[in-house]
Amino acid sequence: MALVDLQHVPVRVAPGRRLTQLFAGLALYGASMALQIEAVLGLAPWDVLHEALNKVTGLSFGTITAITGVIVMLCWIPLRQRPGVGTIANIVLISVSVDVTLFLLPTPESLSARIAFLSAGIVLNGLATAAYIGARLGPGPRDGLMTGISARFGLSIRWVRTGIEVAVLATGWLLGGTVGIGTALYAVAIGPLAQLLLPLVSWKQD
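All figures in this text were calculated on a predicted structure; none of them were measured in a lab.

About the criteria used
Residues numbered from 1 in each chain as written. Predicted model: local features only at pLDDT ≥ 70, side-chain atom pairs only at ≥ 80, totals over all residues. Heavy atoms only, no water. Salt bridge = Lys/Arg side-chain N within 4 Å of Asp/Glu carboxyl O. Helix = DSSP H or I, 4+ residues; strand = E, 2+ residues; numbered from the N terminus. Buried < 20%, exposed > 50% of the residue type's maximum accessible area, 1.4 Å probe, protein only. Contact = heavy atoms within 4.5 Å. Core = buried A, V, L, I, M, F, W, Y, C linked by side-chain atoms within 4.5 Å.

### What to know about the pattern of salt bridges
In step 1: If you walk through the whole model with that rule in mind, you get 1 salt bridge.
In step 2: A salt bridge links Glu 165 to Arg 161; the shortest N-O distance between them is 3.3 Å. Here Glu 165 pairs with Arg 161, and both are found in helix H7 (residues 157-174), just 4 residues apart, close to one helical turn.
In step 3: We classify Arg 161 as partly exposed; its relative accessible area is 35%.

Next comes the structure, spelled out in structure tokens:
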């Protein structure tokens, strides 16, 4: 598969097309998170932590997601990372979307419905990831932490991402977050899904 150019492009370039894609992708990302939460079959590593903090504090899932995003973004300072429009939009839109979707979604009772929620959540999360990254308007806080550590210390992206997600998952699990088959399926599927869909939705300069 051909490599996709994901280098940051200023917002003044094709703003209508790219901002629309960014906002739609982030809203879909929050909705896909809600589907996985309602499935109760295991969450993505960061969401295991978010759910655990949600239980501990009583704050909404979206509020916890936003607070965590801000804290992670502050960790960019010693890494000399600079936020973009996409970084701030990531914090705001995902937190709102996940809370709204959780409010509107029916809670599935049967196992088949929960499996359907989980499957839809993972697939839509892959599409949402490709959409917001493909808009090329700046990484989300968690992606920026990964790339910042990699650049600052000369470490492989693969190992940095693995290390961060293992640490986050372990912390969330110890605090009471939901780990299950959905966690494993997400870990296996999200990379290939995003890679498959990125060429289809990435914005390309003429």
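The rest of the description comes next.
### Describing the environment of Met 33
In step 1: On the secondary structure map, Met 33 appears in helix H1 (residues 15-39).
In step 2: A relative accessible area of 2% places Met 33 in the buried class.
In step 3: For the pair Met 33 and Leu 124, spaced 91 residues apart in sequence, the C-alpha to C-alpha distance is 9.0 Å.
In step 4: Discounting chain neighbours no more than four positions away, the residues touching Met 33 are Asp 47, Phe 61, Thr 65, Ile 94, Val 98 and Asn 125.

### A few points about unusual backbone geometry
In step 1: Of note, Val 40 is a non-glycine position whose phi angle comes to about 55 degrees, a positive value.
In step 2: For Arg 80, which is not glycine, the phi torsion reads 60 degrees and is therefore positive.
In step 3: Judged by relative accessible area, which is 71%, Arg 80 ranks as exposed.

### Some thoughts on the nonpolar core
Generally speaking, soluble globular proteins have nonpolar side chains that are buried together.
In step 1: In terms of nonpolar packing, the biggest core is built from 27 residues, with Leu 22, Leu 26, Tyr 29, Met 33, Val 98 and Tyr 186 touching the most fellow members.
In step 2: Elements represented by at least two residues in this core include exactly H1, helix H4 (85-104), helix H5 (111-134) and helix H8 (181-201).
In step 3: Ranked by the residues each element gives to this core, the list is headed by H1, at 8 residues.
In step 4: The contacts of Tyr 186, once residues within four sequence positions are left out, are Tyr 29, Gln 36, Ala 44, Pro 45, Ile 122 and Asn 125.
In step 5: Grouped together as the second largest cluster of nonpolar side chains are 13 residues, Leu 49, Ala 66, Leu 145 and Val 168 included.

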